Amino acid sequence: MLEALAAGAVGLAAASFLVLGAAIGWVVRVPTGVVAGVMAFGAGALISTLAFELVAEAHEVGGLLPTLGGFLAGAVIYVLADLALARRGARARKQSIALQSEPGVHAAPAAAASASVGIAVAIGALLDGVPESLVLGLSIAQGGAVSIPLLVAVAVSNVPEGLASAAGMKHEGRSARYVFGVWGGIALVSGIAAMLGFGLLAGAAPEVVAVVTTIAAGGILAMVANTMIPEAFAADRSFTGLWSALGFALAFALYQLG
């Protein structure tokens, strides 16, 4: 029971960086190049972590077929869910950097902000974050301790999403209560997802471990390819590749040192 609560606390802690990013985005206007750089760095860190820690270790534990099957299934599930949400307005979260208000531009009135789009964006953020929280819980179930490279990668990747989205919501005329209520709720659900991740793998068969781990990993990679890297590149075409490489290198170094 204590380990399950610890897994939930870790998931909540990682997701709290969404709230931190939202607070930064609400108070100050961060240059789009900085947001794009942090997002690209987080994307590289996530790719490194899922390659060396999640997929490789799942293969060692459960074999090739369960690993590949789970990985591809996770990617398909994410893409289909992403397409469904995009039709309901969540596509806007993929341009969250561009939604930051420019200096001198007044926020649109609250009536102009669509409630359905706001809900869709929140659901989209859950779609992005739940696989990350699941694998944080899985890492504790497998090794008894949280994966530091994964925790760092998730935390870093959460900051720009919360920052840019909160800035966009503020520009639309949303209230602080609404914005922080949304991101606080998402952080809470992420903590619950981490607890579920722990519960799914505690004492499970190796093949089940491999499938569940790689379903989450496939969803994360699809999210990085569909959302994080395209948005970072659209905002900063010069250094996205470099920041991604640095994020990859840091996560790899943490994995090797751990």
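Residues numbered from 1 in each chain as written. Predicted model: local features only at pLDDT ≥ 70, side-chain atom pairs only at ≥ 80, totals over all residues. Heavy atoms only, no water.

**Q** Looking at this model, I keep getting lost on the overall build of the chain. Mind explaining?
**A** For the chain, the count of helices and strands is eight helices and zero strands. Going from the N terminus to the C terminus, the chain shows its helices and strands as α-α-α-α-α-α-α-α. Looking at the 258 residues of the chain, the share that counts as buried comes to 45%. Within the chain, contacts between residues separated by at least 24 positions form 89% of all contacts whose residues are at least 6 apart in sequence. Carbon and sulfur atoms form 73% of the exposed surface of the chain, whose accessible area is close to 11,400 Å². (Helix = DSSP H or I, 4+ residues; strand = E, 2+ residues; numbered from the N terminus. Buried < 20%, exposed > 50% of the residue type's maximum accessible area, 1.4 Å probe, protein only. Contact = heavy atoms within 4.5 Å. Areas by Shrake-Rupley, 256 points an atom, 1.4 Å probe, with all protein chains shown as cover.)

**Q** Help me out: how do you make sense of the environment of S190 in this one?
**A** Residue position: S190 is located in helix α6 (residues 176-201). Judged by relative accessible area, which is 3%, S190 ranks as buried. Placed 64 residues apart in sequence, S190 and L126 show a C-alpha to C-alpha distance of 7.6 Å. Leaving out residues up to four positions away in the same chain, S190 has contacts with G11, A15 and S133.

**Q** Sorry if this is basic, but what is going on with the packing of aromatic side chains here?
**A** Counted according to the given criterion, the structure contains four aromatic pairs. Taken together, a centroid distance of 6.1 Å and an interplanar angle of 65 degrees make the contact between W26 and F180 edge-to-face. Note that W26 is positioned in helix α1 (residues 2-27) and F180 in helix α6, a separation of 154 residues in sequence. Assessed through its relative accessible area of 18%, W26 is described here as buried. The class of F180 is partly exposed, set by a relative accessible area of 28%. The lysine or arginine in question, R174, covers the ring of Y178, its NZ or CZ lying 4.2 Å from the ring centre. (Phe/Tyr/Trp six-rings, centres within 6.5 Å; stacked < 30°, edge-to-face > 60°. Lys NZ or Arg CZ within 6 Å of the ring centre and 35° of its normal.)

**Q** When you look at a nonpolar patch on the surface in this model, what are you seeing that I'm missing?
**A** Where nonpolar side chains cluster on the molecular surface, the patch consists of F17, L20, I24, V27 and V28 and spans about 410 Å² of accessible area. Position of I24 relative to the elements: it lies in helix α1. (Patch = residues over 30% accessible without salt bridge, like charges linked within 9 Å, V, L, I, M, F, W, Y side chains within 5 Å. Salt bridge = Lys/Arg side-chain N within 4 Å of Asp/Glu carboxyl O.)

**Q** So what exactly am I meant to see when it comes to the side chain of T49 here?
**A** Relative to the helices and strands, T49 is located in helix α2 (residues 32-62). At 2.9 Å, the side chain of T49 forms a polar contact with the backbone oxygen of A45. Apart from residues no more than four positions distant in its own chain, T49 is found in contact with L54, P149, L150, A153 and A251. (Polar contact = N/O pair within 3.5 Å; in protein donor to acceptor, adjacent residues only side chain to side chain.)

**Q** How should I be thinking about α2 in this particular structure?
**A** An α-helical turn contains 3.6 residues, so any two residues separated by three or four positions project in the same direction. Taking 1.5 Å per residue, 31 residues should reach 45 Å; α2 reaches 42 Å between its end C-alpha atoms and fits that length. Bending of α2 peaks at approximately 35 degrees at the position of L50. Just beyond α2, the residue with positive phi is G63, at close to 100 degrees. (Expected span 1.5 Å × (residues − 1). Bend = angle between axes of the 7 residues up to and from the residue.)

**Q** Help me understand helix α8 (residues 240-257) in this model?
**A** Given a rise of 1.5 Å per residue, 18 residues ought to cover 26 Å, and the 26 Å separating the end C-alpha atoms of α8 matches this to within 8%. What α8 keeps buried is the set T240, S244, G247 and A251. One face of α8 carries all of its buried residues, which in axial projection span an arc of 60 degrees. For α8, the exposed residues set more than 90 degrees away from the buried face come down to G241 and L257. Looking at the buried residues of α8, the elements they touch are α2, α5 (148-172) and α7 (206-235). (Arc of directions from axis to C-beta.)

**Q** For this particular structure, what's the right way to read the UniProt feature "transmembrane region" (unreviewed entry) in the chain?
**A** Within this numbering scheme, the UniProt entry marks residues 6-27, 34-52, 64-86, 107-127, 133-157, 178-202, 208-227 and 239-257 as carrying the feature "transmembrane region" (unreviewed entry). A helix fraction of 100% and a strand fraction of 0% characterise residues 6-27, whose end C-alpha atoms lie 31 Å from each other. Secondary structure within residues 64-86 divides into 100% helix and 0% strand; the distance between the first and last C-alpha atoms comes to 33 Å. (UniProt positions renumbered as here; feature names shortened; annotations may be inferred.)

**Q** How should the nonpolar core be read in this particular structure?
**A** Soluble, globular proteins show a tendency: their nonpolar side chains are buried together. The biggest cluster of nonpolar side chains holds 35 residues, and the ones touching the most others in it are L46, V135, I220, V224 and M228. Mapped onto this core, the elements with two or more residues apiece are α1, α2, α3 (64-86), α4 (115-143), α5, α6 and α7. Here this core gets nine residues from one element, more than from any other, and that element is α7. Core analysis: the next-biggest nonpolar cluster, separate from the first, contains 10 residues, A125, A166, W183 and I186 among them. (Core = buried A, V, L, I, M, F, W, Y, C linked by side-chain atoms within 4.5 Å.)

**Q** How should I be thinking about the packing of α1 against α6 in this particular structure?
**A** When two helices pack together, their arrangement is captured by the angle between the axes and the distance separating the axes. Following both chains from N to C, one finds α1 and α6 inclined at 155 degrees, their axes separated by 7 Å at the closest point. Judged on the interaxial angle alone, α6 and α1 are roughly antiparallel. Crossing of α1 against α6: the hand is right-handed. Taken together, the residues that form the contact of α1 with α6 break down as 20 nonpolar, six polar and one charged. (Axes fitted to C-alpha atoms, helices over the stretch in contact; angles between N-to-C directions. Parallel < 35°, antiparallel > 145°, perpendicular 65-115°, else oblique. Left-handed = near helix turned anticlockwise from the far one by under 90°. Nonpolar A, V, L, I, M, F, W, Y, C, P; charged D, E, K, R; others polar.)

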